[in-house]
Structures are given as C-alpha cells and as structure tokens.
Amino acid sequence: MKEIDSQLLGLWRRARPLLFRLDPEYAHELTLGLLKRWSTFFGGRLEAGDIARRRGLAVDAMGLHFHNPIGLAAGLDKDAVAVPAWQALGFGFIEVGTITALAQPGNPKPRLFRLPADEALINRMGFNNAGADAAAIRLGRLRERGVLQVPLGVNLGKSKVTPAEEAADDYRRSFERVGHFADYVVVNISSPNTPGLRDLQRVEEVARIIEAIQGPNQRLARPKPLLVKLAPDLADEDAIDCARAALDAGCAGLILTNTSIRFEGLRSSTEGMSGGLSGRPILERSTVLLGLVRQAVGPGPVLVGVGGVMDPAGAAAKLAAGADLVQIYSGLIYRGPGFVRELLRGMSSQTASHREKLTFE
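Reading the values: the criteria
- Positions within a chain are numbered from 1, following the residues in the order the chain's sequence is written.
- Predicted model: local features are reported for residues with pLDDT of at least 70 only, side-chain atom pairs are reported and counted for 80 or more only, and whole-chain, interface and lining totals are derived from all residues.
- For side-chain calculations, the full set of non-hydrogen atoms in the structure is used, while hydrogens and water are omitted.
- A patch consists of residues whose relative accessible area exceeds 30% and which take part in no salt bridge; residues with like charges are grouped when within 9 Å of each other, and nonpolar side chains (Val, Leu, Ile, Met, Phe, Trp, Tyr) when within 5 Å.
- Using the Shrake-Rupley algorithm and a 1.4 Å probe, accessible areas are obtained, with residue cover drawn only from the displayed protein chains.
- Think of a salt bridge as a Lys or Arg side-chain nitrogen and an Asp or Glu carboxyl oxygen that are within 4 Å of each other.
- Positive residues here are Lys and Arg, negative ones are Asp and Glu, while His and the chain termini are left out of the count.
- Charge positions come from single atoms, namely NZ of Lys, CZ of Arg, CG of Asp or CD of Glu.
- Helix numbers and strand numbers start at the N terminus; a helix is a DSSP run of H or I with at least 4 residues, a strand a run of E with at least 2.
- Buried means the residue's accessible area, taken with a 1.4 Å probe over protein chains only, is under 20% of the maximum for its type, while exposed means over 50%, and partly exposed covers the values in between.
- The pairing criterion for strands is at least two bridges between them, as found by DSSP.
- Axis lines are fitted to C-alpha atoms, over the contacting stretch for helices. Their N-to-C directions set the angle, which ranges from 0 to 180 degrees.
- Contact criterion: two residues are considered in contact whenever any of their non-hydrogen atoms come within 4.5 Å of each other.
- Put simply, a nonpolar core is a bunch of buried Ala, Val, Leu, Ile, Met, Phe, Trp, Tyr and Cys residues held in one set by side-chain atoms that sit within 4.5 Å of each other.

S.K.: Help me out: how do you make sense of a positive patch on the surface in this one?
M.R.: On the surface, a cluster of positive charge is contributed by Lys36, Arg37, Arg138 and Arg141. Those elements that provide at least two residues to the positive patch are helix H2 (24-41) and helix H4 (132-145). For Arg141, the position within the fold is in helix H4. Judged by relative accessible area, Arg141 falls into the exposed class, the value being 57%.

Pasting the structure below:
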C-alpha cells in the first residue's frame, strides 16, 4: 500500500498543474474515469498496518464500525463508479450520490468553478446522475463483489421535475430502490441547485419526508440509520428546529453542512457564478452551526461535520465542535490523493501528544 500511495502522490504532483488548467468539470470527469479504471484492477483492500486502519482512530457510531472518522462527502462520486478507489485512498467511510429517483442531466454548463485564491469551489451541478434504478444495479454489483471494508452511505435528493408537494414520495421511491444496499442513508434537502429544495428545510416537511422513508426502512430486516443534511445558511434556530424534527422522526443524526449561497468576503471574482460555495470560506460558519446543534441535541445523536476542511486543523475543529465523523470534498480536490492520510497523521499525532501530556501530568 505504501508503494501504491507513493505512486499516486507522484502522479498527482505531475498531474495537478495540468488538471487545474482544464475546465473543472472536465478535470473531475477525467479523474473519476481514471479512478474507475483503477478500481477495476485494484480491489481497494487495505492492510491492517495502514494508518487508515489504525485502531486508535476507529469510531463506532449508528451501529457501524468506522476504521477512521474521515469520510468522502457526497457529490464527488454521484453514480458510485469508483468506490474501491476511494477506499484505497484511506477513507473511513464513503458517501455516494446525490441520487434521485429519476435520471437527470443536471443544470446547463458551465456549472463548476474553482476559486484557487480562496481554496474554494462553486458548483451548480443540479443533481446530475443516472437515477435510482441505475444506482441500484451498480450498488448491487458492488455488494456482490464483497470489496467494501468501510461503511457506504447513499445520499438521496429530490428529482427536479417532482413538485414540492410530492417530495416525500420521491424520496421514498429512491430509498426503495437503493436503501437496502446502503449502510446509512442521507436525506439531502439542502442543495441550493434544485429549485425549491431548500424550502423543504422546515419542521413539517422534514417530518413528512422522514416518515415516508421510514415506512420501507422499518420493513427491512435491518433498518438503515437515516441522516438529514442541512445548509449552513439556515438561521441558528431554524437549523436546530429541523435537527430536532429529524431526530423526533427517528433519524440517527445530522450532516452539517452543505454548501453555502453566501459569497461575501471572497478574494476571487464570482461574476457570472451561482450555486453552492464549498471549501475554506465556509469552515467557520459550518463549524459554528455544528457546535450549536450539538449543544441543542445533546451527546446522543450522530453529527457528521463537513464544510471547509482543508488541513488537519479544520478536521480537529469539527471534532472539537462535536462531530463524531468528518467528511471532505473540496480539500481532496485541492490537496490530492494523499489528503486523507495527511489528516489521519495529524489526528494520530494530536492523539499521541494528548496521551503524553496525560502521562506527564
């Protein structure tokens, strides 16, 4: 694994300047295609000695075992085409999607923008994916191969053509197709790129959607933990109300947060751009909201912190605010394939320093 990791890092150093000269979405598709091919030849299994499998970093949550707390956020692999490759990069869990009940092409291009001066991205992808039926086939094959060593999450969104009043049924249909292949399922009601989706971040809508999914979920031999993903742009009180509504409806926890529609304070020009901002600029707000929700809901529910993690300090901030698990997205694009293990080495070092301090005291 060290040899493969070294080869990937060397390839990344040579490829990054070229990739960053390409159109962002084309570069993403090219990279995902390479990872897909790599997944075909390399199963993604990791040795026990790999830092991604270090015992001291393991987390048990939602009835699942996570070898480490760093996960892949939804959006990077919408159609679950390169799951073994993500596992090989050291992720402790992988979230695919967003998957919608109906296949859809997403929003018109260009729809993905880099802001290097801010270490950020803006996307208005619009849930482009092959749909729940295609995802079910791919996820079924993945399970048949038996290559997964880490929990697999499936992120569900509303189909664009589905009216808001039918949103609950739309989520239910997606769950019925792919839910049983997942280790946990995320209800995404916070993307800014599907018209009206964020309007579902209301107590009554959250309760209605989760109730619709819980029907088929509770009929499974082993019901899946459900999480709701919220936006950083919600007012504090509204986010807490939505979180409590999700928990009251039987969810295991929340993912905090999705991308932001607030572009204030950026060094880069955003003229002609719209969509969701991710990367370093949203670290502070997403982490503050995470902490507020943790204070409100107490220690029991699982909270996944995502938004702006670009270095070990960012991951540490999420954990300090109350996250059980941490996800990355933009950081991987800017830092490359060694980023997961960079975070884990930072966490491992901090753990070792803490133990030494306790021993000394």
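S.K.: Explain the sheet that holds strand E4 (residues 93-99) to me, please; I cannot follow it from the model alone.
M.R.: Note: strands within a sheet are paired through backbone hydrogen bonds, in either parallel or antiparallel orientation. The eight strands are arranged E3-E4-E7-E8-E9-E10-E12-E13 in a closed barrel whose pairing can be described as parallel. Put simply, the sheet's adjacent strands are angled 25° from each other on average, direction ignored. The sheet contacts of helix H5 (residues 167-178) involve E4, strand E7 (152-156), strand E8 (184-188) and strand E9 (226-230), and relative to E7 the element is tilted by about 155°. Here helix H6 (residues 203-218) sits on the sheet and contacts E8 and E9; the angle it forms with E9, its principal contact strand, is near 155°.

S.K.: Looking at this model, I keep getting lost on the pattern of salt bridges. Mind explaining?
M.R.: Opposite charge on two side chains allows them to pair when their charged atoms are near. As enumerated under the stated definition, the model contains 17 salt bridges in all. Glu119 is the partner of Arg280 in a salt bridge, and the nearest nitrogen-oxygen pair spans 2.6 Å. On the criterion of sequence distance, the pair formed by Arg280 in the loop between strand E11 (276-279) and helix H8 (283-297) and Glu119 in the loop between strand E5 (112-115) and strand E6 (120-123) is long-range, its members being 161 residues apart. The exposure class assigned to Arg280 is partly exposed, which follows from its relative accessible area of 31%. Overall, the relative accessible area of 18% leaves Glu119 in the buried class. Between Asp233 and Arg262 there is a salt bridge, with its nearest N and O atoms 3.9 Å apart. In this pair, Asp233 sits in the loop between E9 and helix H7 (236-248) while Arg262 sits in the loop between strand E10 (253-256) and E11, placing the two residues 29 residues apart along the sequence. A residue is classified by how much of its surface remains accessible, and Asp233, at 15% relative accessible area, is buried. Salt bridges here are not isolated pairs; linked through shared partners, they connect Glu119, Arg280, Asp311 and Arg335.

S.K.: Could you clarify how one ought to interpret the sheet that holds E11 in this entry?
M.R.: Judged by pairing direction, the sheet is antiparallel, and its three strands sit side by side in the order E5-E6-E11 without closing on themselves. Every other strand in the sheet has two partners, leaving E5 and E11 as the edge strands with one partner each. Averaged over neighbouring strand pairs, the angle between their axes works out to 20° when direction is ignored. Bridge count for E5 against E6 is four bridges, and the pairing is antiparallel.

S.K.: Sorry if this is basic, but what is going on with the nonpolar core here?
M.R.: Note on soluble globular proteins: their nonpolar side chains tend to be buried together. Of all hydrophobic cores here, the largest spans 98 residues; its most connected members are Trp86, Phe91 and Tyr171. Among residues more than four places away in sequence, those in contact with Phe91 are Arg53, Asn68, Ile70, Gly71, Leu72, Trp86, Val150, Ile328, Leu332 and Val340. Of all hydrophobic cores here, the second largest spans eight residues; its members include Leu115, Ala120, Ile122 and Leu277.

Everything listed here is a matter of coordinates, which is why it stays silent on function.
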